[in-house]
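This is what each chain is made of:
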Amino acid sequence: MTAALIRVEDLAKDYPTAAGPYPALHGVNLEIGAGEFVAIMGPSGSGKSTFMNLLGCLDAPTRGRYWLAGQDVARLPTDALAQIRNRQLGFVFQGFNLLQRSSVADNVALPLVYARVARAQRRIRARELLAQVGLERYAESLPSRISGGQQQRVAIARALVNRPRVVLADEPTGNLDSHTSEEIMALFARLNRDQGITLVLVTHEPDIAAWAGRVIRFHDGALAEDRRQLPRPVSSLSLSPESPRPAREQVA
Amino acid sequence: MIGPMLAEALQALASNRMRTFLTTLGMVIGVGAVIVMLAVGSGAQRSIRESISAMGSNLFIVLAGSASSGGVRLGGGNAATLTLADAEAIDEQPSVRATAPLVYGSAQLVHGAYNWGTQVYGTTPGYLEVRNWGLLAGTMFGDSDVRSAGRVAVIGTTVAAQLFGAEDPVGGTLRINGSPYTVLGLLAPKGQSFDGRDQDDTVLVPITTAQRKLFGSSFRGSLRMIMVQSVAADAMAQTELEVTSLLLERHRIGPGQAPDFSMRNLTAVAETAAATARIMSLLLGAIASISLIVGGIGIMNIMLVSVTERTREIGIRVAIGARPQDVRLQFLLESVALALLGGAVGVLLGVIGSELIRRLADIPVEVSGGSVLLAFAVSASVGVFFGWYPARKAARLQPIEALRHH
Ligand SMILES: Nc1ncnc2c1ncn2[C@@H]1O[C@H](COP(=O)(O)OP(=O)(O)O)[C@@H](O)[C@H]1O
Ligand SMILES: [Mg+2]
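Residues numbered from 1 in each chain as written. Chains lettered and ligands numbered in written order. Predicted model: local features only at pLDDT ≥ 70, side-chain atom pairs only at ≥ 80, totals over all residues. Heavy atoms only, no water.

J.: Explain the overall build of chain B to me, using residue names and the numbers behind them.
T.: Counting secondary structure elements, chain B contains 13 helices and 14 strands. Taking 2.2 N^0.38 as the reference for a compact globule, 406 residues should give roughly 22 Å; the C-alpha atoms of chain B span a radius of gyration of 33 Å, well beyond that estimate. Across its three principal axes, chain B shows a C-alpha extent of roughly 105 × 55 × 35 Å. Each of the 406 residues in chain B was classed as buried or not, and the buried ones make up 49%. Across chain B, contacts joining residues at least 24 apart in sequence account for 78% of those joining residues at least 6 apart. In the form shown here, chain B has an accessible surface area of approximately 18,600 Å², with 60% of it arising from carbon and sulfur atoms. In chain B, which carries 31 positive and 29 negative side-chain charges, the distance between the mean positions of the two groups comes to 9 Å. (Helix = DSSP H or I, 4+ residues; strand = E, 2+ residues; numbered from the N terminus. Rg over C-alpha atoms; globule rule 2.2 N^0.38 Å. Buried < 20%, exposed > 50% of the residue type's maximum accessible area, 1.4 Å probe, protein only. Contact = heavy atoms within 4.5 Å. Areas by Shrake-Rupley, 256 points an atom, 1.4 Å probe, with all protein chains shown as cover. Lys, Arg positive; Asp, Glu negative; His and termini not counted. Charge placed at Lys NZ, Arg CZ, Asp CG, Glu CD.)

J.: Can you break down the sheet that holds strand S10 (residues 222-228) of chain A residue by residue, with the values?
T.: All names here are of chain A. Spatially, S6-S7-S8-S3-S9-S10 is the arrangement adopted by the 6 strands of the open sheet, whose pairing is mixed. Only two strands of the sheet have a single neighbouring strand rather than two, namely strand S6 (89-92) and S10. On average, each strand axis in the sheet is tilted by 15 degrees relative to the strand beside it, whichever way the strands run. The pairing of strand S3 (residues 37-41) with strand S9 (residues 214-219) spans 4 bridges and is parallel. The residue bridging Ile-40 from the neighbouring strand is Ile-216, located in S9. Across the sheet, helix H5 (residues 148-160) is in contact with S6 and strand S7 (166-170); its angle to S6 comes to roughly 170 degrees. (Pairing = 2+ DSSP bridges. Axes fitted to C-alpha atoms, helices over the stretch in contact; angles between N-to-C directions.)

J.: Describe the pattern of salt bridges, listing the residues and the values that go with them.
T.: Residues and elements named next belong to chain A. Evaluation of the coordinates by the stated rule reveals 28 salt bridges over all chains. One salt bridge in this structure joins Asp-226 and Arg-214, with 2.8 Å as the shortest N-O distance. Of this pair, Asp-226 sits in strand S10 while Arg-214 sits in strand S9, placing them 12 residues apart in sequence. Judged by its relative accessible area of 39%, Asp-226 is partly exposed. (Salt bridge = Lys/Arg side-chain N within 4 Å of Asp/Glu carboxyl O.)

J.: Let's hear about empty space enclosed by the protein: which residues, and what values?
T.: Applying the stated criterion to the full structure yields 1 cavity of 30 Å³ or more. Estimates place the volume of the largest cavity at around 60 Å³. Lining the largest cavity are Arg85(A), Asn86(A), Leu89(A), Gly90(A), Phe91(A), Pro111(A), Arg158(A), Ala159(A), Asn162(A), Pro164(A) and Ile320(B). Residue assignment for the lining of the largest cavity shows that the elements contributing at least two residues are helix H2 (78-87), S6 and H5 of chain A. For the lining of the largest cavity, a count of residues per class yields 6 nonpolar, 3 polar and 2 charged. (1 Å grid on protein atoms, 1.4 Å probe; cavity = no way out; pocket = protein on both sides within 12 Å on 5 of 7 lines; lining within 4 Å. Points joined across faces, edges and corners; volume = space filled by probe spheres on them. Nonpolar A, V, L, I, M, F, W, Y, C, P; charged D, E, K, R; others polar.)

J.: So, the domain arrangement of chain B: which residues are in play, and what are the values?
T.: In many analyses, interface size is given as the accessible surface area lost on bringing the parts together. Here chain B is partitioned into domain 1 (2-51 + 272-404) and domain 2 (80-259). Centre-to-centre separation of domain 1 of chain B and domain 2 of chain B, based on C-alpha positions: 55 Å. (Domains from an automatic or database assignment.)

J.: Got a sec to walk through the site of ligand 1? Specific residues and values, please.
T.: Around ligand 1 there are 13 residues in total, and Gly45(A), Gly47(A), Lys48(A), Ser49(A) and Thr50(A) lie nearest to it. Bordering ligand 1 are residues originating from chains A and B. A distance of 2.7 Å separates an oxygen atom of ligand 1 from a polar atom in the backbone of Gly45(A). In the environment of ligand 1, an oxygen atom lies 3.1 Å from a nitrogen or oxygen atom belonging to the backbone of Gly47(A). (Near = heavy atom within 4 Å. Polar contact = N/O pair within 3.5 Å; in protein donor to acceptor, adjacent residues only side chain to side chain.)

J.: How would you explain the layout of surface pockets if you had to name every residue and give the values?
T.: Considering only enclosed or pocket space, the second largest pocket measures out at about 560 Å³ in volume. Around the second largest pocket sit 27 residues that line it, and Ser49(A), Asn53(A), Asp170(A), Ile400(B) and Arg404(B) are the ones nearest its centre. Listing elements by their share of the lining of the second largest pocket, those giving two or more residues are helix H1 (48-55), S6 and S7 of chain A together with helix H13 (399-404) of chain B. Among the elements that make up the lining of the second largest pocket, the one with the highest residue count is H1(A) (5 residues). Broken down by class, the residue content of the lining of the second largest pocket amounts to 11 nonpolar, 11 polar and 5 charged.

J.: Tell me about the nonpolar core, residues and numbers included.
T.: In terms of nonpolar packing, the biggest core is built from 71 residues, with Ile6(A), Val8(A), Ile40(A), Phe51(A), Tyr66(A) and Val200(A) touching the most fellow members. A total of 8 residues in this core trace back to one element, the largest contributor, which is helix H11 (residues 324-361) of chain B. In this structure, Ile48(B), Leu109(B), Phe141(B) and Val154(B) belong to the second largest nonpolar core, which totals 67 residues. (Core = buried A, V, L, I, M, F, W, Y, C linked by side-chain atoms within 4.5 Å.)

J.: Help me get a handle on helix H3 (residues 84-91) of chain B, residues and values and all.
T.: Residues and elements named next belong to chain B. Those residues of H3 that fall on the buried side of the exposure criterion are Asp-86, Ala-87, Ala-89 and Ile-90. Taken around the axis of H3, the buried residues stretch over an arc of 165 degrees, which confines them to a single face. Contacts from the buried residues of H3 go to strand S4 (82-83), strand S5 (96-111), strand S12 (222-223), strand S13 (225-230) and helix H8 (236-250). (Arc of directions from axis to C-beta.)

J.: Tell me what's going on with the packing of aromatic side chains, and back it up with residues and numbers.
T.: Residue and element names in this part refer to chain A. The full count for this structure, using the stated rule, is 5 aromatic pairs over all chains. Between Phe-51 and Phe-218, the aromatic rings sit 5.2 Å apart at their centres with planes inclined by 45 degrees, giving tilted as the arrangement. Of the two residues, Phe-51 is situated in helix H1 and Phe-218 in strand S9; the sequence distance between them amounts to 167 residues. The burial state of Phe-51 is the same as that of Phe-218; both residues are buried. When the ring centre of Trp-67 is taken as reference, the NZ or CZ atom of Arg-7 above it lies at 4.5 Å. (Phe/Tyr/Trp six-rings, centres within 6.5 Å; stacked < 30°, edge-to-face > 60°. Lys NZ or Arg CZ within 6 Å of the ring centre and 35° of its normal.)

J.: Outline the packing of helix H2 (residues 17-55) of chain B against helix H9 (residues 266-309) of chain B, listing residues and values.
T.: Residue and element names in this part refer to chain B. Contact geometry of H2 with H9 gives a least axis separation of 8 Å together with a crossing angle of 170 degrees. With respect to each other, H2 and H9 are oriented roughly antiparallel. The residue makeup of the contact of H2 with H9, split by class, is 21 nonpolar, 15 polar and 4 charged. (Parallel < 35°, antiparallel > 145°, perpendicular 65-115°, else oblique.)

J.: Got a sec to walk through the pairing of strand S1 (residues 6-17) of chain A? Specific residues and values, please.
T.: Residue and element names in this part refer to chain A. Two strands pair when backbone bridges link them, and S1 and strand S2 (residues 20-32) are joined in this way by 9 bridges, in the antiparallel orientation. By the bridge assignment for S2, Asp-14 is matched with Pro-23. The antiparallel pairing of S1 with S2 creates a hairpin that spans 2 residues between the two strands. The pairing of S1 with strand S4 (residues 63-68) spans 5 bridges and is classified as antiparallel.

J.: Describe in detail the interface of chain B and chain A, supporting the description with residues and values.
T.: Across the contact, 25 residues belong to chain B and 22 residues belong to chain A. In total, chain B and chain A occlude about 2,200 Å² of area from one another, counting both sides; carbon and sulfur atoms represent 59% of this. The largest contributions to the chain B side of the interface with chain A come from Ile316(B), Ile320(B) and Ile400(B), which together make up 27% of the buried area. For the pair chain B and chain A, the interface holds 2 salt bridges. Connecting chain B to chain A are 6 residue pairs in polar contact (both at pLDDT 80 or more). Elements represented by at least two residues in the side of chain B that touches chain A include exactly helix H1 (2-14), helix H10 (311-319), H11 and H13 of chain B. Take the side of chain B that touches chain A: its biggest share by element is 6 residues, from H10(B). (Buried area = accessible area lost by both parts, 1.4 Å probe.)

Set out below in structure tokens:
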């Protein structure tokens, strides 16, 4: 067996509640290889976010083990987890989660601040990433000045800035209209295809899941389905700095 | 790390100007009050220090008459018990550097159309040495003037201004109680004494002239006091012992008898005044610094609000790799920046306030560089101290709970 990038064994999470511990995740076993594009689906409350938070080292499992790139990360000290989140993982959230007071470029560069990268390099790298998502011209804007889809592209640039192994996205298109969702998904698919970035993405929508090569379905805190599929082909759609808004027919 | 965090801290403060202003107000008032209090205190100390060095150092005065005699308290200098011979004998003592016998009284001065009433001091040339006093122009009268009881005078700048105006007083003539005196010299200005008298409002004449011609009836051959200067600060006790036993012996006062003179350590009196001023200023500063605590609590309060408001922001930062210490540092920087901002404005207001007090109330005021440095150091400490708890609270937030906030 080739070493998986992500490997979890009997991963479980109980939430403490007034009525005692609530099992949100019951012992999940799963492997995800480098370069995969995985969509996680399932009804609301089925444990998708709980699972993502564990993969993202934002929360500690109640039980089970988790190896990320061969390293056992289920029970690491706080600072080591911070470093893993900073260097190995990138997050994209449903609500974008940009810092409203900081410029677009500063938002993108923020992970580099915590990685102690020098100012000059931070600027160069942030510009590079903004160019990749086609938002170079908004570098000095505040997030509130750009559209939701543009904000999510800034968040994607921020997730990628420190060259992570995995990007975790929990319902990244949940707040976007279908046209903008298409744009974002095309960007993800292109990053996966061209740069080999491993993607784990939660969605309710089959249209969104269609972009992935593998679909995992949760039900009541357990794995209900794990199937591979032919992903929807990535078109010639481009997000060059010159044409930040792709033409409609390219993604239709 | 500090660079971008500091930039963000300032950004956060700038984004809510009204709140920043109100929060720093406590620090502004506290620091301003401390600066003013310390300035007033050190101004008072400085003027006392100047008076002490103007008075002359390591000084005693020996006063004629005992402090109490036969159950009746007498003011010093009232009995005719000290003589020039006593002064000369004291001058011979090993620990005595210089002496100046003194008689004095008020007199009316006239020059041309100008009149001025002041104290006239009869003394010897050694007086200037004892008082650490120099001349602006002319010369001091000499021993020959003392021997011959010459009608010569050396005058202070206040007297010169009152009687001679812009005219050069040296070589001029003034009348003291009707008799003409030649002005030999003009004393260097000395300013106020530590008890507030104008020391330049004075006239010096030879002791013999004062005794025989000016105050003849009241001071036949006797002195009001003798100023004695010790050779060094650590010889003061020695001097006191030598002078006391010498005078007891010369005046044939046996053990158990009340002495007919008293001796006072002027330097000690002045130093007590300086110490009192220092304690006062520290006390005022301490009272003013209570408002710094109030300012610090204001900062803590607003930082706690800020941590709560920015819980989600903290969650985002932690999710992308901030360590607890990074979060703590960020909030600490913000509270220190807040405190320093208040401190800086407070220093500015304090300096302006001190200057206003100096001009309007005519009190000696001195804003020292030390008190400004102290104000900044204290402000930074207040920021760290009162920012610590909110910063720790921020650093301890669990990322997943912080992200769920709102
Ligand atoms: N902090 C929590 N405390 C208690 N119960 C929780 C908490 N977070 C989630 N849950 C519960 O755990 C289950 C799974 O939640 P979640 O992982 O958010 O589901 P999904 O993302 O699939 O909608 C749900 O029933 C939810 O109510
Ligand atoms: Mg969810």
